[in-house]
Amino acid sequence: MDKHMILYRGSLKSCNYQCSYCPFSKHSISQRELEKDQAQWFSFVKNVQKKAKIMNIGALMVVPYGEAMIHSWYWEGLAWLSAHIEIDAIGIQTNLSFSVQEFLDCYIKTGGILKKLRLWATFHPEMTTVTEFSAKCRMLAQEGVQLCAGSVGVPENLNLLQTLKQELNLLKEDKNGIYLWVNKMDGLRRSYTQKELTAFLEIDPYFGRELMLVSSNKALCEGRLFVEADGKLRTCNISSVLTTQKCWEELEDFPSPECCRKQCSCYLAYGGRNDFMNQILFGPYPLFRIPRRPKAVFLDIEGTLLPNKGSTKIPSNIMSGLEALVREKIPLFFATTLPYKKAMERCRGIYHLFSGGIFAGGAHVMLKQKREYFYVLNGIWLPEVLSLQQEFGFRALVYRNHEKLYKVTLLRPSHRFWNVQETEELMQRISFEDEAIRYFIEENCLQIVSAKADKASGLKMICHWLEISPKEVASAGDSEEDKKMMCLSGSVSSG
């Protein structure tokens, strides 16, 4: 079972920065309010430690109003949570205005595990300089802390953000540097110009996802929970309070998502959904916003790239993710049971983004303009198959490359699916002799290929050609045919 993620927001509503647009800089917090926030945070931490195993909590992120990391109790709580064996990662949003060295000393002294720490650092041009902010980012990264940095996409700040990008790319331990994200600017009252859009995309390859309209879908929000200091529960930061009769302290399982707003309007909303593209781009806990950057990506077509049956339209959230991967120079590959020509027809709008793929259930493997391989069949048994077409109600589609057979599809009308019993009966009627074949059912299609051909074998072949390990790539699919491939690589399910 996949582990779940919790976001926490305390009662803290104050900040040590005085940004002109921010309401939290104007709130003068009292000692009593600080003590209340501290008590609520420690109570929450204690509850997480108790619930982590029974609720299958894998990650936690603090998303405060204002700035929490200037208060040492957050340092201690994060350290305690990181030490919990069930928890894979803990993180927090922060402006990095605290002393990095004091934080690291406290965190380690309290038993914190640095490799589990994730920081979402926000750059505020009104309150700090590029040099000061980037130096703190690099110091944290050099100590083994994973982090991202970012700012609002204010056109007037473009030069500053370009300079910050250059500074964050100087981290020698990682050729990609520290990822700098850009949030779209609310209140701009106009669209970004093409020049501005191009500039922001050069800074943040994923910026296009900030501009897309993402319709809400509660089916994609299982396994996420937003907990407030008073125990109120939400699915995410912008959803309504859940109607469950239990508060956080009484909870023993993740409540089901409820109806939500029409659109997921910010990263904390759309970035936490259980869609395969989020996990391809940002790993198993995408809300930390730290890019995964696999060395290649393999994607099923039907049910994954094209989730709507019969449609050739790629949904905007998938399309923006593909474009981001291309901007990151990460090669894309199809992984499909469709033959090559049919796959190109289904994906005519995106095939130019791909570097090849695994076709015909693994029987045809291709690296564009470089390498190609077919697992061929001798086909001595093909006349027997053809003789059974009328009896079993199918039409045989035969696929060849230069007269060499590599796949046979036994196609029935769309309303008549193959079942296991009649498939086995048919296979027993055919004398395959010494030919080692593999067959599998896809609704009204019965597919026959070489026993050596499957998506996992195709993925290994392409990885060999690229001189990378299967564990360095990512893949996604939604069927039995995808499982072996997905186990081989760092993978996610799309269904």
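Note: the structure precedes this text.
My aim in this report is to walk through the structure given alongside it, one point at a time. It should be emphasised that the depicted structure is a prediction, and the values quoted were computed from it without experimental measurement. (Residues numbered from 1 in each chain as written. Predicted model: local features only at pLDDT ≥ 70, side-chain atom pairs only at ≥ 80, totals over all residues. Heavy atoms only, no water.)

Remarks on the pairing of strand 15 (residues 371-374)
Sheet topology places strand 14 (residues 364-367) next to strand 15; four bridges connect them, and they run antiparallel. Opposite Met366, over in strand 15, you have Glu372 as the bridge partner. Here strand 14 hands over to strand 15 after three residues, with Gln369 in that stretch at a positive phi of 60°. (Pairing = 2+ DSSP bridges. Helix = DSSP H or I, 4+ residues; strand = E, 2+ residues; numbered from the N terminus.)

Comments concerning the side chain of Glu481
Inspection of the secondary structure assignment puts Glu481 in helix 16 (residues 480-488). A residue is classified by how much of its surface remains accessible, and Glu481, at 14% relative accessible area, is buried. In contact with Glu481, not counting residues within four places along its chain, are Thr337, Gly361, Arg438, Phe440 and Lys455. (Buried < 20%, exposed > 50% of the residue type's maximum accessible area, 1.4 Å probe, protein only. Contact = heavy atoms within 4.5 Å.)

Details of the nonpolar core
Judged by nonpolar contacts, the single largest core of 66 residues is most densely connected at Ile6, Trp41, Phe44, Tyr74, Leu225 and Trp248. Here this core gets six residues from one element, more than from any other, and that element is helix 2 (residues 72-82). In contact with Ile6, not counting residues within four places along its chain, are Phe44, Ile57, Ala59, Leu60, Met61, Leu225, Val227, Trp248 and Phe254. (Core = buried A, V, L, I, M, F, W, Y, C linked by side-chain atoms within 4.5 Å.)

What to know about the state of the cysteines
In protein structure, a disulfide is the covalent linkage between the sulfur atoms of two cysteines. The tally for this structure, following the rule as stated, stands at zero disulfides. Not engaged in a disulfide, the cysteine Cys260 finds its nearest cysteine sulfur in Cys236; these two sulfurs lie 4.9 Å apart. Since its relative accessible area comes to 38%, Cys260 is described here as partly exposed. There is no disulfide at Cys463, and the cysteine sulfur nearest it, in Cys487, is 15 Å away. What makes Cys463 buried here is its relative accessible area of 1%. (Disulfide = S-S within 2.5 Å.)

As for the environment of Ala363
In this fold, Ala363 is placed in the loop between strand 13 (356-359) and strand 14. Beyond its immediate chain neighbours, meaning those up to four positions away, Ala363 contacts Tyr373, Phe374, Tyr375, Tyr406, Val449 and Ala453.

Let's talk about the pattern of salt bridges
If you walk through the whole model with that rule in mind, you get 18 salt bridges. Note that Asp88 is salt-bridged to Lys3, the shortest N-O span being 3.3 Å. Of the two residues, Asp88 sits in the loop between helix 2 and strand 5 (89-94) while Lys3 sits in the segment before strand 1 (4-9), which places them 85 residues apart along the sequence. On the basis of relative accessibility, which here comes to 31%, the residue Asp88 falls in the partly exposed class. Taken together, the shared-partner salt bridges connect Asp300, Lys455 and Asp482 into one network. (Salt bridge = Lys/Arg side-chain N within 4 Å of Asp/Glu carboxyl O.)

Comments concerning the sheet that holds strand 18 (residues 437-442)
The four strands lie next to each other as 16-17-19-18, forming an open sheet whose pairing is antiparallel. Edge positions in the sheet fall to strand 16 (395-401) and strand 18, since each has one partner strand and no second. Ignoring which end each strand starts from, the neighbouring axes of this sheet average 20° apart. Where strand 17 (residues 404-411) meets strand 19 (residues 445-450), four bridges bridge the pair, whose relative direction is antiparallel. Among the inter-strand pairings, Leu411 is bridged to a residue of strand 19, identified as Cys445. (Axes fitted to C-alpha atoms, helices over the stretch in contact; angles between N-to-C directions.)

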